[in-house]
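The residues making up each chain are set out below.
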Amino acid sequence: MRQVADMDLDRVPDPEGGVRLLVDMDEAARLVESGLEVTLVQAAPAGPLDPSLIMDDDAAQAWLDERLGGTEQGGQN
């Protein structure tokens, strides 16, 4: 996970608990060159996302709260 985080790639929820990324072919090649196993699940043309798929901050926070429920946040405010 650290390697993927360091590459600053867009992640999406995976229904099976794995890691799913939105990548282009260059990024997929970079992942393979880094020694990671890559499985392409679906190809999609480049273009703007359907606006209905974009979460606002409140929806994202609610999604996180639902999954992390009761986890206290640490760090500096």
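Read on for an overview of the structure. Predicted model, so just to flag it, every value in this text is computed and none were measured.

## What to know about the side chain of aspartate 14
- Tracing the backbone shows aspartate 14 in the loop between strand 1 (10-12) and strand 2 (20-22).
- Within the local environment of aspartate 14, its side chain forms a polar contact with the backbone nitrogen of glycine 17, the two atoms lying 3.1 Å apart.
- Beyond its immediate sequence surroundings of up to four residues, aspartate 14 is in contact with Val19 and Arg20.

## Looking at the pattern of salt bridges
- On inspection of all chains with the given rule, the structure shows two salt bridges.
- Residue arginine 20 pairs with aspartate 14 through a salt bridge whose shortest N-O separation is 2.5 Å.
- A relative accessible area of 30% means that arginine 20 is categorised as partly exposed.
- We note a salt bridge from glutamate 66 to arginine 67, for which the minimum N-O separation is 3.5 Å.

## Quick word on unusual backbone geometry
- With a phi angle near 55°, aspartate 8 is a residue other than glycine that sits in the positive phi range.
- Tracing the sequence through the fold places aspartate 8 in the loop between helix 1 (2-6) and strand 1.

## Here's the deal with helix 3 (residues 57-68)
- For helix 3, spanning twelve residues, the distance from its first C-alpha to its last is 16 Å, which sits close to the expected 16 Å at 1.5 Å a residue.
- Two or three places before aspartate 58, at the opening of helix 3, aspartate 56 has a side-chain oxygen 3.3 Å from that residue's backbone nitrogen.

## Overview of the environment of leucine 9
- Structurally, leucine 9 is set in the loop between helix 1 and strand 1.
- The class for leucine 9 is buried, based on a relative accessible area of 7%.
- Remark: the alpha-carbon pair of leucine 9 and glutamate 27, spanning 18 residues in sequence, is separated by 8.3 Å.
- Leucine 9 has contacts with Val4, Leu21, Val23, Glu27, Arg30 and Leu31, leaving out every residue within four places of it along the chain.

Each value, and the rule that gives it
- Residues numbered from 1 in each chain as written.
- Predicted model: local features only at pLDDT ≥ 70, side-chain atom pairs only at ≥ 80, totals over all residues.
- Heavy atoms only, no water.
- Helix = DSSP H or I, 4+ residues; strand = E, 2+ residues; numbered from the N terminus.
- Polar contact = N/O pair within 3.5 Å; in protein donor to acceptor, adjacent residues only side chain to side chain.
- Contact = heavy atoms within 4.5 Å.
- Salt bridge = Lys/Arg side-chain N within 4 Å of Asp/Glu carboxyl O.
- Buried < 20%, exposed > 50% of the residue type's maximum accessible area, 1.4 Å probe, protein only.
- Expected span 1.5 Å × (residues − 1).

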